[in-house]
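If you want the building blocks of each chain, they are given just below.
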Amino acid sequence: MNDLVIVNIGQIISGDIERPRLEGDTVVVRGGRIAAIGRRDDLDTSGIDRVIDAGGCQLWPGLIDSHTHPLVGDYTPRQQTIGFIESGMHGGVTRIISAGEVHFPGRPKDAAGTKALAILGAKASAVFRPGGVKVLAGSLILEHGLVEADFVELAREGVRVVGEVGLSGIYRPEDARPMVDWAHACGMTVMMHIGGASIPGSHVLGAREALAILPDIASHTNGGPTAAPLADIERLILESQMMIEVVQAGNTQRVGAIARLAAQHGALPRMMIGTDTPSGTGVIPLGVLRTMAWVASLGEVAPELTVAMASGNTARVYQLSEGLVKPGNAADLLLVDAPIGSEAGDALAALTIGDTPAVAAVIIDGVVRVNGSRNTPGSARKVSIPWMPTGGH
């Protein structure tokens with residue numbers, strides 16, 4: 001059983017944008033799920049031998065990278081990099097979501113081939129967890145020749161996501177909208193490329209196309225890597241209920257402007273944070289944390305809300321049983337703090353001034369996967385995990 005107790009927590013950040021801070025200093029995990037949250041003396045911890053002393057660090061939900069481009073396994077030919085998913089775990093990421101396996105060498109661009117690639121990705125990612133990280137992959141890339149029956153088959157075989165509309169030959173509303181409707185009828189979540197072209201074969205897409213196609217997610221609105229006009233992004237906020245995603249591999253200045261627009265129009269619950277990596281920009285293991293710091297510091301958004309943008313908001317869209325520090329949810333949790341040498345007093349304060357927080361521990365399904373990140377600076381406060389060596393994973 002994956003049972004443990006985390007005590008001496010400085011602050012519990014929920015991942016729920018409507019109620020971002022929770023009372024308590026202790027979280028109880030039983031069977032890999034959160035069993036209770038509150039004050040240590042008020043909780044039942046009977047029968048649990050493993051106790052983590054958080055040392056005053058904050059507890060956050062594990063981060064969900066809402067925009068990645070994996071293939072099969074933990075290797076990307078785009079940057080000739082092995083282990084990028086596991087490395088991202090040391091940046092606090094416990095789940096990644098594929099926006100499409102577009103970097104597959106020789107990627108098929110016919111209906112049968114794109115279906116086969118999506119099914120392969122979905123089935124492989126359902127069982128393969130690099131370092132323990134959960135992967136939602138096999139995101140369908142739309143191609144000419146797909147028909148309604150194909151979407152029924154894909155859903156039956158475990159495909160849950162349509163990757164970025166606009167990365168292939170399907171990008172005109174008259175071609176894309178019927179396929180998006182078929183995908184929605186099968187319960188799939190649909191992403192759409194917004195902004196300038198990214199890879200060869202992708203297209204420049206903005207509010208006009210998105211409002212005609214009606215995806216669930218306006219992907220990398222700050223650019224992947226080239227941002228859409230701010231007026232287009234405001235139209236998406238005002239004229240739709242799409243999620244508004246910002247990413248690391250995009251326009252830094254535009255992140256702040258988008259966050260301020262979303263706050264102005266009451267749309268912060270619709271913001272998501274991802275990396276859009278691996279890409280031409282590279283592999284960025286701390287990309288989600290860094291983008292959270294951009295939103296907080298450049299967009300002047302309360303830092304606890306950026307945690308929700310990188311966890312609970314994304315979990316809600318994809319109907320995941322994680323992303324919130326909530327009884328019954330998967331115990332995908334982080335212990336985080338200000339990095340050594342920062343002017344900030346804790347992890348949230350680090351985000352506010354634009355610093356990248358330190359990841360002291362990563363827990364997935366109640367199992368400690370990281371005790372001291374190899375990628376962030378050390379934490380100002382120290383976590384004690386008696387059964388695991390520092391740096392172990």
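The structure we're discussing is the one just above.
All of the points below concern the structure found in this document. (Residues numbered from 1 in each chain as written. Predicted model: local features only at pLDDT ≥ 70, side-chain atom pairs only at ≥ 80, totals over all residues. Heavy atoms only, no water.)

### A look at the environment of L348
- Locating L348 in the fold gives a position in helix α11 (residues 347-352).
- Between the alpha carbons of L348 and A263 there is a distance of 18 Å; along the sequence they are 85 residues apart.
- Sequence-distant contacts of L348, that is, excluding residues within four places in its chain, are made with I13, R21, Q58, W60, P303, E304 and V307. (Helix = DSSP H or I, 4+ residues; strand = E, 2+ residues; numbered from the N terminus. Contact = heavy atoms within 4.5 Å.)

### Description of helix α4 (residues 173-185)
- Helix length check: α4, at 13 residues, gives a terminal C-alpha distance of 18 Å against a target of 18 Å (1.5 Å per residue), a fit within 8%.
- Along α4, the residues classified as buried are P173, A176, M179, V180 and A183. Looking down the long axis of α4, one finds its buried residues gathered within 145° of arc, a one-sided arrangement. Across from the buried face of α4, at angles greater than 90 degrees, the exposed residues are E174 and A185.
- Summarising the contacts, the buried residues of α4 are in contact with α3 (148-156), β13 (161-165), β14 (189-193) and α5 (207-213).
- A positive backbone phi angle near 85° is found at G187, which sits one or two residues after α4. (Expected span 1.5 Å × (residues − 1). Buried < 20%, exposed > 50% of the residue type's maximum accessible area, 1.4 Å probe, protein only. Arc of directions from axis to C-beta.)

### Quick look at the pattern of salt bridges
- Per the stated rule, a full pass over the model turns up 19 salt bridges.
- Across the pair D44 and R30 runs a salt bridge, and its minimum N-O distance is 3.8 Å. Placement of D44 in the loop between β5 (33-38) and β6 (51-53) and of R30 in strand β4 (residues 26-30) is noted, with a sequence separation of 14 residues between them.
- In this structure, R177 and D181 form a salt bridge, with 3.1 Å as the shortest nitrogen-oxygen distance. Of the two residues, R177 and D181 both sit in helix α4, four residues apart, roughly one turn of that helix.
- A relative accessible area of 30% places R177 in the partly exposed class. (Salt bridge = Lys/Arg side-chain N within 4 Å of Asp/Glu carboxyl O.)

### A short note on the layout of surface pockets
- In this structure, the largest pocket encloses a volume near 210 Å³.
- Considering the residues around the largest pocket, the lining is formed by 14 residues, among which R95, S125, A126, V135 and L136 are closest to the centre.
- At the level of secondary structure, the elements contributing two or more residues to the lining of the largest pocket comprise α2 (111-125) and β12 (134-136).
- A breakdown of the residues in the lining of the largest pocket according to their chemical character gives six nonpolar, two polar and six charged. (1 Å grid on protein atoms, 1.4 Å probe; cavity = no way out; pocket = protein on both sides within 12 Å on 5 of 7 lines; lining within 4 Å. Points joined across faces, edges and corners; volume = space filled by probe spheres on them. Nonpolar A, V, L, I, M, F, W, Y, C, P; charged D, E, K, R; others polar.)

### Some details on the environment of P278
- Within the secondary structure, P278 sits in the loop between β17 (271-274) and α8 (287-298).
- The exposure class of P278 is buried, given its relative accessible area of 0%.
- The sequence separation of P278 and P70 amounts to 208 residues, and the corresponding C-alpha distance is 7.1 Å.
- For P278, the contacting residues outside a window of four places in its chain are H69, T76, F84, H103 and V283.

### Overview of empty space enclosed by the protein
- This model, assessed by the stated rule, comprises two cavities of 30 Å³ or more.
- Its volume calculated, the largest cavity comes out at about 140 Å³.
- Residue lining of the largest cavity: 16 residues in total, with D65, F84, G88, T277 and I284 positioned closest to the centre.
- Among the elements of the structure, β8 (63-68), α1 (84-89), β11 (93-98) and α8 are those that each provide at least two residues to the lining of the largest cavity.
- A per-element tally of the lining of the largest cavity places α1 first, with four residues.
- Split by residue class, the lining of the largest cavity holds ten nonpolar, five polar and one charged.
- Put simply, the second largest cavity is a space of about 70 Å³.
- Taken together, P70, L71, V72, G73, I85, G121, A124, S125, F128, P130, V135 and A137 form the lining of the second largest cavity.
- When residues in the lining of the second largest cavity are grouped by element, the largest group, three residues, is from α2.
- The class makeup of the residues in the lining of the second largest cavity is nine nonpolar, three polar and no charged.

### Describing the packing of α2 against α3
- Between α2 and α3, the shortest axis-to-axis distance is 10 Å and the interhelical angle comes to 15°. Judged on the interaxial angle alone, α3 and α2 are roughly parallel. At the point where α2 passes α3, the crossing takes the right-handed sense. In this structure, α2 uses K115, A118 and I119 to contact α3, whose residues at the interface are D150, E153 and L154. (Axes fitted to C-alpha atoms, helices over the stretch in contact; angles between N-to-C directions. Parallel < 35°, antiparallel > 145°, perpendicular 65-115°, else oblique. Left-handed = near helix turned anticlockwise from the far one by under 90°.)

### Some words on the nonpolar core
- W60, L63, L142, V165, L236 and M292 are the most contacted members of the largest nonpolar core, which has 78 residues in total.
- For M292, the residues in contact, after removing those within four places along its chain, are W60, L63, I273, T306, V307, A310 and L351.
- Judged by nonpolar contacts, the second largest core, of 23 residues, contains I6, L22, A54 and V368. (Core = buried A, V, L, I, M, F, W, Y, C linked by side-chain atoms within 4.5 Å.)

### Examining the sheet that holds strand β19 (residues 358-364)
- Strand order in the open sheet formed by six strands is β3-β2-β7-β18-β19-β20, with mixed pairing between adjacent strands. In this open sheet, the two strands that pair with only one neighbour each are β3 (21-22) and β20 (367-371). (Pairing = 2+ DSSP bridges.)

### Considering the sheet that holds β5
- Taken in spatial order, the four strands of this open sheet run β5-β4-β1-β6, and their pairing is mixed. Each edge of the open sheet carries a strand with a single partner, namely β5 and β6. Within this sheet the neighbouring strands show an average axis-to-axis angle of 15°, counted without direction.
- Direction of pairing for strand β1 (residues 4-7) relative to β6: parallel, over a ladder of three bridges. Opposite V5, over in β6, you have V51 as the bridge partner.

Spatial relationships are all this shows, so hold off on functional conclusions.
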